[in-house]
Amino acid sequence: MNDKPIDRRTFLSYLGTGAAALAAASAGLGSLEGKASAATGTADHLFGFKTNRVTGFFEPISPSKEDELILPPGYRYDVVAAMDDVINAAGERFGDGADYNAFFPIDGSNEHGLLVTNHEYTSIFSIGPVKDGKMTPEQVKKNLQYLGMSVIEVRRGSDGAWRMDTTSRYARRIDGFTSFELTGPAAGTSAVGGARTVQGTFANCSGGVTLWNTVLSCEENFEDTAKASNLPLEHYGWVVEIDPFDASYRKKHTALGRFNHENTAMGLANDGRVVVYMGDDKKDACVYKFISKGKYNPALGRRNSALLEDGTLYVANLKSGKWVPVTIENVRKALEGKPEELKKWNHQGDVVTNCHEAARLVGGTPTDRPEDIEISPFDNTVFICHTNNDSHGNIHGHITRIFEADNDLGALEFDFEIFAAGGRQSGFSSPDNLAFDSNGNLWVVTDISSSSQNKGVHKTFMNNGLFVIPTHGPSKGVALQFASGPVECELTGPFFTPDERTLFLSVQHPGEETKDLANPTSRWPHRPGDAKARAGVVAITGFRFGG
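Here we summarise the structure given alongside this text. (Residues numbered from 1 in each chain as written. Predicted model: local features only at pLDDT ≥ 70, side-chain atom pairs only at ≥ 80, totals over all residues. Heavy atoms only, no water.)

## Some thoughts on the environment of Ile 373
Inclusion rule: Helix and strand labels come from DSSP, where a helix needs a run of H or I of at least four residues and a strand needs a run of E of at least two; each type is numbered from the N terminus. Only heavy atoms enter the contact rule, under which two residues are in contact if any of them lie within 4.5 Å.
Mapped onto the secondary structure, Ile 373 falls in strand E20 (residues 370-375). Separated by 107 residues in sequence, Ile 373 and Met 266 place their C-alpha atoms 9.7 Å apart. In this view, Ile 373 contacts Asn 263, Thr 264, Ala 265, Tyr 277, Met 278, Gly 279, Val 287, Val 382, Phe 383 and Ile 384; residues no more than four positions away in its chain are not counted.

Written as structure tokens, this is what we have:
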């Protein structure tokens, strides 16, 4: 953010507040901290509560280089779980590289539930230094064990602090050794070596929650781990589905395509079909959506998962504003007159397994690292973080907003705009994960690479942070910084409890540039006597409400 001070009237207007709050602010009535105004109208709460409460105000912070998670005055965080913390009676431990989070209430509670966390990759703090770029057999084993996902049970105590319940019957690890069922067009085909079950999940980046209350987890940069572990590459790079409350339920859905998945965003077409948006997080990669053949039926519960096994995968062509089917028919049509190249493409299993190549063949537009995608719950517009692409000169990235034709997520035509651009003018760089609050504000975490933080054109941004950007009103697109992370970390996986009184947030890879364990560049979370940095999940509280 820039150093220009922000006055109270401007600050309140940024968050879309009513005229009464603006009048009170300009008259100097009351303190800014803790004040909130009801949003205009009485629309249902984003998370299902019939109320017009909005996320409480905060005093924006400045960028920081400190080795600490810094929040606005009046807010606090509890470290709920960090790398190597025991999570259950069996002695299983929380993994490394904490990323996506999803909270599932138990008995409808906002203060007791299951928290699902992805583990994207390991660090020197979990597997030790890797010599000459090659892991030892023991490191290969540890690497697979530290990756995947954790399911933990969490509670907020009478003192207001969130803690993990290690006696939980649900708590468990899902890692690189856990078996998964393949579903969809590639299952059992030559494209995946005939496999119908595969070993493990890893490189789990972001994800999403389904309409039937399961978690979709995305395998992103899987290649190095698969090669080091001597595992088939084609068994990874898929969207994984688990049920937090049922350890036996584990699937990989091949109909959603195989690429460097960042996350999923699920919604419904106007006719009731399920739509899943996805980004491929690498340079010059595409934006996708999947539309199911069948329609969603709430009465079927988890059996709706079958909708993710049969449908059409589309890729965005930004020049024409059309969603192009990524199908065997379109791929073979694109390769007419090229018999040698056609040999690779025999069925839809080949297409979804080699999705990045297939998407480009049918006309998908290469973009600048499309990462997290979220559907606005207010108007069905679709927000996409394009993190950056230095080969295009897009150093700071941007957030794209897609407008589907007729406001229908099932439409095959769209328009788009650049909603917000990273850079000095906005105060943020390299947007990554997204979340909405009930006032329509977009919460955005950033992903400046550790090697670039506090250097060159990234100096003014300092450590990675969490920002709030209104999506409507006179100050649409203006970023306010809510949090600054420890040294060399990303802040990832923002996820609110249903009442929005708690925000779960991951602190990923603090001290990532550490080369010598005796001299770590970060020691977050600064536990007494601990010489390590530990990736982990925090629960942020202090949100206040009005109206």
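Structure shown, so let's carry the discussion forward.
## Some words on the nonpolar core
Stated precisely, the cut-off is as follows: Nonpolar cores are built from buried Ala, Val, Leu, Ile, Met, Phe, Trp, Tyr and Cys residues. Side-chain atoms within 4.5 Å join them into one set. Note on classification: 1.4 Å probe, protein chains only; a residue is buried when its accessible area is under 20% of the maximum for its type, exposed when over 50%, partly exposed between these limits.
Membership of the largest hydrophobic core comes to 37 residues, with the highest contact counts inside it found for Ile 152, Val 154, Val 215, Ile 242 and Phe 504. Each residue touching Val 215, except ones within four places of it in the same chain, is listed here: Tyr 100, Ala 102, Phe 104, Val 116, Met 149, Gly 208, Val 240, Glu 241, Ile 242 and Pro 244. Counting 30 residues, the second largest nonpolar core, distinct from the first, contains Trp 212, Cys 218, Phe 259 and Met 278.

## Focus: the side chain of Thr 254
Our working definition: Polar contacts here mean pairs of N or O atoms no more than 3.5 Å apart (in protein, one a potential hydrogen donor and the other a potential acceptor; neighbouring residues in sequence count only if both atoms are side-chain atoms).
Mapped onto the elements, Thr 254 comes out in the loop between strand E12 (246-253) and strand E13 (261-268). A distance of 2.6 Å separates a polar atom in the side chain of Thr 254 from the backbone oxygen of Thr 183. Those residues within four positions of Thr 254 in sequence are excluded, and the remaining contacts are Leu 182, Thr 183, Gly 184, Pro 185, Ala 186, Ala 187, Trp 238 and Val 352.

## What to know about the sheet that holds strand E14 (residues 273-280)
Put simply, the rule reads: Between any two strands, pairing holds if DSSP finds at least two bridges. Between the N-to-C directions of two axes lies an angle of 0 to 180 degrees, each axis being a line fitted to C-alpha atoms and, for a helix, fitted only over the stretch in contact.
Read from one edge of the open sheet, five strands run E13-E14-E16-E17-E18, paired in antiparallel fashion. The sheet terminates laterally at E13 and strand E18 (322-325), the two strands that pair on one side only. Strand-to-strand twist in this sheet, taken as the mean axis angle between neighbours without regard to direction, amounts to 30°. Pairing of strand E16 (residues 287-295) with strand E17 (residues 311-317) involves five bridges; the strand directions are antiparallel. Each bridged residue has a counterpart across the sheet, and for Ile 291 the counterpart in E17 is Thr 312.

## So, unusual backbone geometry
The peptide bond linking Trp 524 to Pro 525 adopts the cis configuration, its omega dihedral lying at 15°. Structurally, the position occupied by Pro 525 is in the loop between strand E29 (502-508) and strand E30 (536-541). The backbone phi angle of Asp 132 is positive, close to 55°, even though this residue is not glycine. For Asp 132, the position within the fold is in the loop between helix H3 (124-127) and helix H4 (137-146). Given the relative accessible area of 83%, Asp 132 is considered exposed. Although it is not a glycine, Asn 230 adopts a positive phi angle of roughly 55°.

## Quick look at H4
How we decide: What the arc measures is the spread of directions leading from the helix axis to the C-beta atoms.
Every buried residue of H4 is listed here: Gln 139, Val 140, Asn 143, Leu 144 and Tyr 146. Relative to the axis of H4, the buried residues are bounded by an arc of 170° and lie together on one face. Where H4 is buried, its residues touch strand E3 (112-119), H3, strand E4 (148-156), strand E6 (172-174), strand E8 (197-199) and helix H5 (223-228). Looking one or two residues beyond H4, the residue adopting positive phi is Gly 148, at roughly 105°.

## Focus: the packing of aromatic side chains
Heads up, the rule is: The criterion for an aromatic pair is that two Phe, Tyr or Trp rings (for Trp, the six-membered ring) have centres within 6.5 Å, with stacked assigned to planes under 30 degrees apart, edge-to-face to planes over 60 apart and tilted to the rest. Comment: the charge-over-ring label is applied if NZ (Lys) or CZ (Arg) is within 6 Å of the ring centre and within 35 degrees of the ring normal.
Counted by the stated rule, this structure contains 23 aromatic pairs. Judged by centre distance (6.4 Å) and plane angle (35°), the rings of Tyr 77 and Trp 524 are tilted. With a gap of 447 residues between them, Tyr 77 in strand E1 (residues 76-82) and Trp 524 in the loop between E29 and E30 connect regions that are remote in the sequence. On the numbers, 6.5 Å between centres and 90° between planes, the contact of Tyr 100 with Phe 495 is edge-to-face. Taken together, the residues Tyr 100 in strand E2 (residues 98-105) and Phe 495 in strand E28 (residues 490-496) connect sequence positions 395 residues apart. Look at Tyr 100 and you get buried, because its relative accessible area is 7%. According to the relative accessible area criterion, Phe 495 is buried, its value standing at 19%. Among the aromatic residues, ring-to-ring pairing joins Phe 58, Tyr 75, Trp 443, Phe 482, Phe 496 and Phe 543 into one connected group. Taking the ring centre of Phe 180 as reference, the NZ or CZ of Lys 252 above it sits at 5.6 Å.

## Details of the sheet that holds E30
Read across the open sheet, the four strands follow the order E1-E30-E29-E28; overall the sheet is antiparallel. Of all the strands in the sheet, just E1 and E28 have a single pairing partner and so form its edges. If you compare each strand with its neighbour and ignore which way they point, the axes differ by 25° on average. The sheet contact formed by E1 and E30 spans six bridges and is antiparallel. Paired with Arg 76 across the two strands is Thr 541, which belongs to E30.

## Considerations on the side chain of Arg 173
Structurally, Arg 173 can be placed in strand E6. At a separation of 2.9 Å, a polar atom in the side chain of Arg 173 contacts the main-chain carbonyl oxygen of Met 149.

## Here we look at the pairing of strand E7 (residues 179-183)
Walk down a regular strand and you will see the side chains alternate between the two sheet faces. One ladder, built from three bridges, connects E7 with E8; its direction is antiparallel. Bridging across to E8, Phe 180 finds its partner in Val 198. With three bridges joining them, E7 and E12 adopt parallel strand pairing. Paired with Leu 182 across the strands is Lys 252, a residue of E12.

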